[in-house]
Amino acid sequence: MSAPRPVIVITGANSGVGFGTCERLLLQLCEKVPKDALPQFKPISPSSSPDVTPEDYDGLTLILACRSKERALEARAKLLLTVDRQVAKQKQRRDYDGRAERFRENLEINFHKVDMADVQSVFEFAEELSGRYTYVSHLICNAGAAFFGLVDVLGAMRSIIKNGISVSITIPSYKLQPTGRMGKDGLGAIWHCNLFGHYVLYRHLYPLFKAYAQKFERPARVLWTSSLEGQPCWYDHEDWQLLKTDHAYEGSKYEIDLVASELQRRSLRSDEGGKVVRHFIVHPGVVWSNMSNEMIWSFLNVAIGIVFYIGRLFGSPNHPVTAVKGAMSATYCALASLAIIPTSLLGFSHIQSSKTPPSSLWEDSLPNMTLYERGLESAEAVKAAELRGEFVPLKFGVETDRLGREHVGVIPVVEWEEHRKEAEFLLEKCESLYTSFTALHKSSGQAGSVAA
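**Q** What exactly am I supposed to notice about the pairing of strand β10 (residues 406–412) here?
**A** A regular strand places its side chains on the two faces of the sheet in alternate fashion. Most of β10 sits inside the fold, with 6 of its 7 residues counted as buried. Examined bridge by bridge, strand β9 (residues 394–400) and β10 share 7 bridges and lie antiparallel to one another. If you follow Gly 397 over to β10, its bridge partner there is Gly 409. Counted along the chain from β9 to the antiparallel partner β10, the turn is 5 residues long, and its residue Gly 404 has a positive phi close to 85 degrees.

The following block contains the structure:
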């Protein structure tokens, strides 16, 4: 029996990681058994054997949420061509059963215009979806903005000397960004696009999530796209809209970690017990995307891509490089059974772990935690919190071996214990602004601007 047909919304779907996520989802769902839905992890001390059989989807509605109609329609044509080629490839198999063709017949890829940096646009987009679709099963919050300038060459050299090449090309601190950029609604531009716009969309689509949960007795999923570059050193309580910092992009990603973690904590502990929506933090690792095109000349962008491949060849696990590979964390959290997605670092191990006893995800996370100034200290705090039975938010990312074979890795949100109150503070700010904009929208039909 086929699973409920998903309706998946992906923001920023026409390029970069967003397009890669669309492509990977389609390739996975063309298969009877999507590999990304198979277990990546196992309980260290299993008390029972959950059903881990991937569900069979006979169709999909994929919503490309983008600003540019022209670019979205180009992306749609490319995605359909990818599916058609995959179907043709499967038809050559001796054991082909016609399933891929049935999936293609039941596939819709639709464009809906939205600008995540414009509250009114987000309201109109959500209301358009509510008028056309009876439910939404997944929201993948991928769209992002960054006003990168040039590279601080001396800063890059200092970083390489101090931290080594692997750290320097994984969480670079030398990308120059302007300060004080405001958006049209009177909010910090990067903060608005990367975090608040998605929060508004999540809140406005909640009735469609609830409709899905009630109809199919399973929670909808909201995936928040973060980055390894998101770290607490770029967060300032007094500058939560990221207007003064020269690392607004990195700060926005850390705020995403905090807000998504708090949303998941509240969802699990609400009266509904996580039965309506589950929140996941995902990141692609380090990929070669169109964001860097805006930062440097094209020939230097090619050089950076080569450096990423060299870094992976010399042992960096965080460089999947291509957007399709970097999409694996999103497709895993979107398609895998909730029963096999880890909720603990100490209680799970990677399924490929050959150690006896197997190493925990907490142990496996330590190398990546060394990327951060207080990473190991944070890891110890996470371990203590888990042993006390407290909620610990996880961040699912893509890791590879030297040959580029990808798998899903897990780390805790860095310094969660020290920033739990900040997560509550940020969520309160987002909700307060959302309430104000909603009131303006209802009274005037336009979102307008709101004093923060």
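**Q** I keep staring at the side chain of Glu 31 and nothing clicks. Help me out?
**A** Tracing the backbone shows Glu 31 in the loop between α1 (16–29) and β2 (41–43). At 3.0 Å, the side chain of Glu 31 and the side chain of Gln 86 are in polar contact. Excluding its chain neighbours within four sequence positions, the residues that come into contact with Glu 31 are Gln 86, Gln 90, Arg 93 and Arg 99.

**Q** How should I be thinking about the packing of helix α4 (residues 119–132) against helix α14 (residues 416–444) in this particular structure?
**A** In contact at an axis separation of 11 Å, α4 and α14 are set at 75 degrees when each is read in the N-to-C sense. By the angle between their axes, α4 is roughly perpendicular relative to α14. Contacts between α4 and α14 involve Val 119, Gln 120, Phe 123 and Glu 127 from the first element and Tyr 434, Phe 437, Thr 438 and His 441 from the second. Within the contact of α4 with α14, the residues separate by chemical class into 4 nonpolar, 3 polar and 1 charged.

**Q** Which parts of the structure should I look at to understand the pattern of salt bridges?
**A** Should the charged atoms of two oppositely charged side chains come close, the side chains can pair. Taken as a whole and assessed by the stated rule, the structure comprises 22 salt bridges. Note that Lys 184 is salt-bridged to Asp 118, the shortest N-O span being 3.2 Å. Here the residue Lys 184 occupies a position in the loop between α6 (165–168) and α7 (189–216), and Asp 118 occupies one in the loop between β4 (107–113) and α4, the gap between them amounting to 66 residues. Residue Arg 265 pairs with Glu 262 through a salt bridge whose shortest N-O separation is 2.7 Å. With Arg 265 and Glu 262 both in helix α8 (residues 248–269) and 3 residues apart, this pair spans about one turn of that helix. The pair formed by Arg 265 and Glu 262 is uniform in burial state, with each residue classed as buried. Among the charged side chains, a salt-bridge network with shared partners connects Arg 24, Asp 36, Lys 325 and Glu 406.

**Q** Sorry, what's going on with the environment of Lys 325 here?
**A** Mapped onto the secondary structure, Lys 325 falls in helix α10 (residues 323–326). A relative accessible area of 24% places Lys 325 in the partly exposed class. In contact with Lys 325, not counting residues within four places along its chain, are Arg 24, Arg 312, Pro 320, Val 398, Gly 404 and Glu 406.

**Q** Explain a nonpolar patch on the surface to me, please; I cannot follow it from the model alone.
**A** Taken together, Trp 288, Val 302, Ile 306, Tyr 309, Ile 310, Leu 313 and Phe 314 make up a surface patch of nonpolar side chains, about 700 Å² in accessible area. If you trace the backbone, Trp 288 turns up in the loop between β7 (277–283) and α9 (298–313). Its relative accessible area of 34% is what places Trp 288 among the partly exposed residues.

**Q** What's the story with the packing of aromatic side chains in this structure? I'm lost.
**A** Each aromatic ring pair is summarised here by two numbers: the centre-to-centre distance and the angle between the ring planes. A full pass over the atoms with the stated rule returns 16 aromatic pairs. Relative to Tyr 206, the ring of Tyr 202 lies with its centre 6.2 Å away and its plane at 85 degrees, an arrangement referred to as edge-to-face. Here Tyr 202 and its partner Tyr 206 are both found in helix α7, 4 residues apart, which amounts to about one turn of the helix. For Tyr 202, a relative accessible area of 8% gives the class buried. Both rings, one in Tyr 212 and one in Phe 216, keep their centres 5.3 Å apart while their planes meet at 55 degrees; by these two values the pair is tilted. In this pair, Tyr 212 and Phe 216 both sit in helix α7, 4 residues apart, roughly one turn of the helix. Classification of Tyr 212 by relative accessible area gives buried; the value is 5%. Pairwise contacts between aromatic rings join Phe 123, Tyr 199, Tyr 202, Tyr 206, Phe 209 and Tyr 434 into one cluster. Directly above the aromatic system of Phe 147 lies the positively charged group of Arg 181, at a separation of 4.4 Å from the ring centroid. Positioned over the ring face of Trp 362 is Lys 383, at 4.5 Å from the centre of the ring.

**Q** Sorry if this is basic, but what is going on with the nonpolar core here?
**A** The nonpolar side chains of a soluble globular protein tend to be buried with one another. The biggest cluster of nonpolar side chains holds 61 residues, and the ones touching the most others in it are Leu 26, Leu 62 and Phe 396. Once you skip the residues sitting within four places of it in the chain, Leu 26 turns out to touch Leu 60, Leu 62, Leu 79, Val 83, Phe 103, Leu 107 and Ile 109. Core analysis: the next-biggest nonpolar cluster, separate from the first, contains 60 residues, Val 9, Leu 187, Val 222 and Leu 427 among them.

**Q** Explain helix α12 (residues 361–369) here, please?
**A** Every α-helix winds through 3.6 residues per turn, so residues three or four apart in the chain are directed the same way. Those residues of α12 lying buried are Leu 361, Trp 362, Ser 365, Asn 368 and Met 369. Each buried residue of α12 sits inside an arc of 100 degrees when the element is viewed along its axis, so together they form one side. Against the buried residues of α12 lie β2, β8 (348–350), α13 (375–387), β9 and β10.

**Q** I'm lost on the environment of Lys 244 in this one. Help?
**A** Residue placement: Lys 244 occurs in the loop between β6 (220–225) and α8. Residue classification places Lys 244 among the exposed residues on the basis of a relative accessible area of 66%. Separated by 95 residues in sequence, Lys 244 and Gly 149 have C-alpha atoms that sit 16 Å apart. Aside from chain neighbours lying at most four places away, what touches Lys 244 is Thr 179 and Asp 239.

**Q** So what exactly am I meant to see when it comes to the state of the cysteines here?
**A** Two cysteines whose sulfur atoms are joined by a covalent bond form what is called a disulfide. Evaluated as defined, the whole model comprises 0 disulfides. Not part of a disulfide, Cys 22 finds its nearest cysteine sulfur in Cys 66, a span of 7.6 Å. We classify Cys 66 as buried; its relative accessible area is 2%.

Rules of the game
- Residues numbered from 1 in each chain as written.
- Predicted model: local features only at pLDDT ≥ 70, side-chain atom pairs only at ≥ 80, totals over all residues.
- Heavy atoms only, no water.
- Buried < 20%, exposed > 50% of the residue type's maximum accessible area, 1.4 Å probe, protein only.
- Helix = DSSP H or I, 4+ residues; strand = E, 2+ residues; numbered from the N terminus.
- Pairing = 2+ DSSP bridges.
- Polar contact = N/O pair within 3.5 Å; in protein donor to acceptor, adjacent residues only side chain to side chain.
- Contact = heavy atoms within 4.5 Å.
- Axes fitted to C-alpha atoms, helices over the stretch in contact; angles between N-to-C directions.
- Parallel < 35°, antiparallel > 145°, perpendicular 65-115°, else oblique.
- Nonpolar A, V, L, I, M, F, W, Y, C, P; charged D, E, K, R; others polar.
- Salt bridge = Lys/Arg side-chain N within 4 Å of Asp/Glu carboxyl O.
- Patch = residues over 30% accessible without salt bridge, like charges linked within 9 Å, V, L, I, M, F, W, Y side chains within 5 Å.
- Areas by Shrake-Rupley, 256 points an atom, 1.4 Å probe, with all protein chains shown as cover.
- Phe/Tyr/Trp six-rings, centres within 6.5 Å; stacked < 30°, edge-to-face > 60°.
- Lys NZ or Arg CZ within 6 Å of the ring centre and 35° of its normal.
- Core = buried A, V, L, I, M, F, W, Y, C linked by side-chain atoms within 4.5 Å.
- Arc of directions from axis to C-beta.
- Disulfide = S-S within 2.5 Å.

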